[in-house]
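A closer look at the structure
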Amino acid sequence: MNGNMLIKNASQLVTCSGFAAKQGKTMSNLHVIEDGAVVIENGFITHVGPTSDILSKVDEKQLQKQSFDIIDATNKAALPGFVDSHTHLVFGGYRAEEFSWRLKGDTYMDIMKKGGGIVKTVAATQKASKAELIKIGLRRLDAMVAFGVTTIESKSGYGLDKDTEIKQLEVMAELNKQHPVDVVSTFLGAHAVPGDYKEKKDDYITFIIDQVLPTIAKNRLAEFCDVFCEKDVFSINQSRRLLLKAKDMGFKTKIHADEITPLGGAELAAEVGAVSADHLLSASDQGIQEMAKKGVVATLLPGTAFSLNEPYARARYMIDQNCAVALATDFNPGSCFTYSIPLIAVLAALRMKMTPEEVISALTINAAAALDRADQIGSIDAGKIGDLVILEYPSYEFILYHMGVNTVETVIKKGTIIKK
Ligand code: NIG
Ligand code: FE
């Protein structure tokens, strides 16, 4: 348990090699090494290659003496740890009844209009203590690790008042500290319009800019600022104003863009230089092309389309237009109550027509890029953090083929096994 490890004889070492987002066609090359080996020292990858090459460079007996963990991955595929780059991990309460209402015909927006939806979770999150949120957050992270996730992003946005937004972000900081998984924090104060601002959305944006963002920046509570840019939520102009101010204050930006209506969120993401635009079920051709040109990562969340029974984002068109596509769960209590990576993977392949190779790139290197970390995680390259998964099966294809079933056997974070 010291961050030192040798993995050898992996039937496939799926390196996903690269230090930046993979756009378009380049998503298809996973840079697989047959019978591969990896050496991790002090949590960082130092050697990657065919087992015979690596064992001619490092002395296995010597490593053993230095108490390296030695893993024989014969007949098993090894991949970079998965990155879940869009979740709403920290929230109080549940909304199981809304799922049933939707099955009986209500839409997500119908439920929101009749007082359900995000504001319901806001009330429960305002009530929850920090200790409760930490306890349940740790449980959720354990469950995510079981699916091979080694880094996640998590958003606030179930506070909608300064104290609760900060409480959520402090809980995330604590989870990051207490749990081996890395938790990247995003401030999503503009996730819904709180009751007292119903007719004054511009004032709510001003409140966030003047009263909330400066404290979050000062206390380094979030790396990204995000906004739910949607008809009946926040407009393009309101989203632009918030994101530009956030950038001025040093935040990187993301957008919940074109999830339900084609509002121009993808275009806005390209215009403000967002790191990612997420959802994109209704993104326009032009928006997609502009994202490709500017290198904005298109983070697609097929679990949400599945759960809301909506048409899926146009992954095939996006990749053909040279976008970098990432996949994430969107785990949240309303529109997508799942953190199952195998479910997301198989939906992306069967419903969005992504190839197995594109799916793997989207869950690893491109998801890392969606968090502006493609230089540190998301691939098995010397110099990167030693985050890996080993499957129970000999090839990455099993992740899709074993539909919805977890194929991850061992999870390694910074060169240490965190799930076996
Ligand atoms: O990403 N679109 C807005 N936010 C979430 C849903 C949150 C909720 O329903 O609680 C999403 O889908
Ligand atoms: Fe979301």
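Structure: see above.
A brief report on the enclosed structure follows. Note that the structure is a prediction, hence the values are computed from the model and not measured.

A look at the overall build of the protein
The helix and strand inventory of the protein stands at 17 helices and 16 strands. Scaling as 2.2 N^0.38, a compact globule of 420 residues should have a C-alpha radius of gyration of about 22 Å, and the protein matches this with 21 Å. A principal-axis box enclosing the C-alpha atoms of the protein has dimensions of 70 × 45 × 45 Å. In the protein, which comprises 420 residues, the share counted as buried stands at 60%. Counting only contacts in the protein whose residues sit at least 6 apart along the sequence, the fraction spanning at least 24 positions is 72%. Here the protein holds 46 positive side-chain charges and 51 negative ones, and the gap between their average locations is 2 Å.

Section: empty space enclosed by the protein
In this structure the tally under the stated criterion is two cavities of 30 Å³ or more. Its boundaries defined by the atoms lining it, the largest cavity holds a volume of some 90 Å³. Together, 14 residues line the largest cavity, and His88, Tyr108, His191, Asn332 and Ser335 are the ones closest to its centre. Class assignment of the residues belonging to the lining of the largest cavity gives a composition of four nonpolar, seven polar and three charged.

Details of the site of ligand 1
Around ligand 1, 15 residues are found, and the nearest of them are Arg95, Tyr108, Tyr158, Glu259 and Ser335. Protein chains bury 100% of the 330 Å² of accessible surface belonging to ligand 1 in isolation. Looking at the shell around ligand 1, its residues break down into four nonpolar, eight polar and three charged.

Digging into the packing of aromatic side chains
Inspection of every chain in the model, using the stated rule, returns 13 aromatic pairs. Plain terms: the ring middles of phenylalanine 91 and tyrosine 158 are 6.2 Å apart, the flat faces sit at 75° to each other, and that makes the pair edge-to-face. In this pair, phenylalanine 91 is assigned in the loop between strand S6 (82-84) and helix H3 (96-103) and tyrosine 158 in the loop between strand S7 (149-155) and helix H7 (162-178), connecting sequence segments 67 residues apart. A single burial state applies to phenylalanine 91 and to tyrosine 158, both of which are buried. Between the NZ or CZ atom of lysine 200 and the centre of the ring of tyrosine 197, over which it lies, the distance is 5.4 Å. The ring of phenylalanine 19 carries the charged tip of lysine 384 above its face, separated from the ring centre by 4.9 Å.

Observations regarding the pattern of salt bridges
Throughout the structure, instances matching the rule amount to 21 salt bridges. The shortest N-O distance in the salt bridge between glutamate 223 and arginine 373 comes to 2.8 Å. Of the two residues, glutamate 223 sits in the loop between helix H8 (201-218) and strand S9 (224-229) while arginine 373 sits in the loop between helix H16 (365-370) and strand S14 (388-391), which places them 150 residues apart along the sequence. A residue is classified by how much of its surface remains accessible, and arginine 373, at 18% relative accessible area, is buried. Three or more residues joined by partner-sharing salt bridges are found here, namely Asp182, Asp387, Lys413 and Lys414.

Here we look at the sheet that holds strand S12 (residues 297-300)
Spatial ordering of the open sheet is given by S6-S7-S8-S9-S10-S11-S12-S13, a layout of eight strands whose pairing is parallel. Edge positions in the sheet fall to S6 and strand S13 (325-327), since each of these pairs with one other strand and no more. Here the strands of the sheet are splayed against their neighbours by 25° on average, with no regard to which way each runs. When strand S11 (residues 276-279) meets S12, the two strands line up parallel, connected through three bridges. Counterpart to serine 276 in the pairing with S12 is valine 297. The strands that helix H10 (residues 265-272) touches are strand S10 (252-257) and S11; relative to S10, the one it contacts most, it runs at about 170°. On top of the sheet, helix H15 (residues 356-363) reaches S6 and S13; it is set at about 75° to S13, its chief contact.

Structural notes on the layout of surface pockets
One number sums up the size of the largest pocket: a volume of about 290 Å³. Taken together, 13 residues make up the lining of the largest pocket; nearest its centre are Met112, Lys113, Val193, Lys198 and Asp232. Mapped by element, the contributors of at least two residues to the lining of the largest pocket are helix H4 (108-113) and helix H5 (118-127). For the lining of the largest pocket, the element with the highest residue contribution is H4, accounting for three residues.

Here's the deal with the coordination of the iron ion (ligand 2)
Here the iron ion (ligand 2) is held by His86 (NE2), His88 (NE2), His256 (NE2) and Asp330 (OD), and the distances to it run 2.1 to 2.3 Å. In terms of primary sequence, the donors binding the iron ion (ligand 2) are separated according to H-x1-H-x167-H-x73-D. Of the two residues, histidine 88 sits in the loop between S6 and H3 while aspartate 330 sits in the loop between S13 and helix H14 (341-352), which places them 242 residues apart along the sequence.

Some remarks on the side chain of threonine 87
Structurally, the position occupied by threonine 87 is in the loop between S6 and H3. Given a relative accessible area of 0%, threonine 87 falls into the buried group. Those residues in contact with threonine 87, other than ones at most four positions away along the chain, are Met144, Ile152, Glu153, Ser154, Lys155, Thr329, Asp330 and Phe331.

Some remarks on the state of the cysteines
All chains considered together, the criterion is met by zero disulfides. The thiol of cysteine 323 is not disulfide-bonded; the next cysteine sulfur, from cysteine 229, is found 17 Å away. A residue is classified by how much of its surface remains accessible, and cysteine 323, at 1% relative accessible area, is buried.

How each quantity is defined
Residues numbered from 1 in each chain as written. Chains lettered and ligands numbered in written order. Predicted model: local features only at pLDDT ≥ 70, side-chain atom pairs only at ≥ 80, totals over all residues. Heavy atoms only, no water. Helix = DSSP H or I, 4+ residues; strand = E, 2+ residues; numbered from the N terminus. Rg over C-alpha atoms; globule rule 2.2 N^0.38 Å. Buried < 20%, exposed > 50% of the residue type's maximum accessible area, 1.4 Å probe, protein only. Contact = heavy atoms within 4.5 Å. Lys, Arg positive; Asp, Glu negative; His and termini not counted. Charge placed at Lys NZ, Arg CZ, Asp CG, Glu CD. 1 Å grid on protein atoms, 1.4 Å probe; cavity = no way out; pocket = protein on both sides within 12 Å on 5 of 7 lines; lining within 4 Å. Points joined across faces, edges and corners; volume = space filled by probe spheres on them. Nonpolar A, V, L, I, M, F, W, Y, C, P; charged D, E, K, R; others polar. Near = heavy atom within 4 Å. Areas by Shrake-Rupley, 256 points an atom, 1.4 Å probe, with all protein chains shown as cover. Phe/Tyr/Trp six-rings, centres within 6.5 Å; stacked < 30°, edge-to-face > 60°. Lys NZ or Arg CZ within 6 Å of the ring centre and 35° of its normal. Salt bridge = Lys/Arg side-chain N within 4 Å of Asp/Glu carboxyl O. Pairing = 2+ DSSP bridges. Axes fitted to C-alpha atoms, helices over the stretch in contact; angles between N-to-C directions. Donors = N, O, S within 2.8 Å, 3.2 Å for Na, K, Ca; no water. Disulfide = S-S within 2.5 Å.

Remember, this is a structural readout, not a statement about activity or role.
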